[in-house]
Amino acid sequence: DKSFMEHVTSASIIGIVSYTLISVVFGFFIIRGLVHSISMVQVGLGEFFAFLRKNRDVVTPIQLQSKDRLGKMAALINQNTIDLQNQINIDNQVIQDTIHTLEIIQKGSFSDIPSQENVSPQLKKLIELFNTTLQQLEHKLGHIYQQYQN
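Note that residues are indexed from 1 along each chain, following the sequence as it is written. Per-residue local features of the predicted model are confined to residues with pLDDT of at least 70, and side-chain atom pairs are confined, for both listing and counting, to 80 or more; whole-chain, interface and lining totals are unaffected and use all residues. Derived side-chain values reflect all non-hydrogen atoms in the structure, with water molecules and hydrogen atoms excluded from consideration.

Moving on, we get to the pattern of salt bridges. One side-chain nitrogen of Lys or Arg within 4 Å of one carboxyl oxygen of Asp or Glu is enough to make a salt bridge. Counted according to the given criterion, the structure contains one salt bridge. The shortest N-O distance in the salt bridge between Arg56 and Glu47 comes to 3.6 Å. A relative accessible area of 30% means that Arg56 is categorised as partly exposed. Relative accessibility thresholds used throughout: buried, under 20% of the residue-type maximum; exposed, over 50%; partly exposed, between the two (1.4 Å probe, protein chains only).

Encoded structure:
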């Protein structure tokens with residue numbers, strides 16, 4: 001009877017130790033995976049903010065293919081990053097076009113008017129005001145020129 005109790009006690013201790021070791025190993029791998037996923041999202045967001053500060057020209061997508069919440073968050077961040085990057089690139093092109101137009105106006109020509117396709121609402125309003133001002137200036141200068149000729 002004493003031998004049976006020692007055997008049960010030994011089996012219980014071995015079972016508890018085995019369960020604890022297996023739990024620790026699984027816990028380690030789960031935590032390691034989470035830390036890795038969080039680190040990848042952190043790096044991706046850092047690159048995106050560097051892009052917004054104009055420290056980077058492009059943003060590398062977050063390479064996280066997991067199906068958990070972090071993977072879904074990374075996919076959402078990637079899609080929004082691509083959309084914002086495209087919009088910023090379009091806005092930057094409009095700014096460059098406007099600068100080019102101002103350089104042409106400085107030389108006396110009023111023919112080049114910047115376009116307003118797919119730009120942010122603020123830039124669209126700026127372009128509308130710029131073009132209206134440009135047309136009014138051209139009209140007033142034309143009127144002054146005609147008066148000068150007479």
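What follows concerns the packing of aromatic side chains. What counts as a ring pair is set by centres within 6.5 Å for rings of Phe, Tyr and Trp (its six-membered ring), and what kind of pair is set by the plane angle: stacked under 30 degrees, edge-to-face over 60, tilted for all other angles. All told, the structure shown has two aromatic pairs when counted by the stated rule. Measuring from centroid to centroid gives 5.4 Å for Phe28 and Phe29, while their planes differ by 70°, and the two rings are edge-to-face.

Let us now look at the nonpolar core. Residues Val41, Ile62, Leu64, Leu70, Ala74 and Ile77 constitute the largest nonpolar core, which totals six residues. Strands are runs of DSSP state E lasting at least two residues, helices are runs of H or I lasting at least four, and both sets are numbered from the N terminus onward. For this core, the leading source of residues is helix H2 (residues 69–106), giving three residues. The criterion used for residue contact is that any of the two residues' heavy atoms lie within 4.5 Å. Excluding residues within four positions of it along the chain, Ile77 makes contact with Val41, Leu45 and Ile62. Note on terminology: a nonpolar core comprises buried Ala, Val, Leu, Ile, Met, Phe, Trp, Tyr and Cys residues joined through side-chain atoms within 4.5 Å.

A word on the packing of H2 against helix H3 (residues 121–149). Lines are fitted to the C-alpha atoms to define the axes, a helix being fitted only along its stretch in contact, and any angle between axes, read from their N-to-C directions, falls within 0 to 180 degrees. Between H2 and H3, the least distance of the axes is 11 Å, while the angle of their chain directions is 15°. When the axes of H2 and H3 are compared, the pair comes out roughly parallel. Here the hand of the crossing between H2 and H3 comes out left-handed. Judged by residue contacts, Asp91, Val94, Ile95, Thr98, Thr101, Leu102 and Ile105 of H2 engage Leu123, Ile127, Phe130 and Leu134 from H3. Throughout this entry, Asp, Glu, Lys and Arg are counted as charged residues, while Ala, Val, Leu, Ile, Met, Phe, Trp, Tyr, Cys and Pro are counted as nonpolar. The remaining residues, Gly among them, count as polar. Taken together, the residues of the contact of H2 with H3 sort by class into eight nonpolar, two polar and one charged. Roughly parallel means an angle under 35 degrees; roughly antiparallel, over 145; roughly perpendicular, 65 to 115; everything else is oblique. Note: crossing handedness is left-handed where the near helix turns anticlockwise from the far helix by less than a right angle, and right-handed where it turns clockwise.

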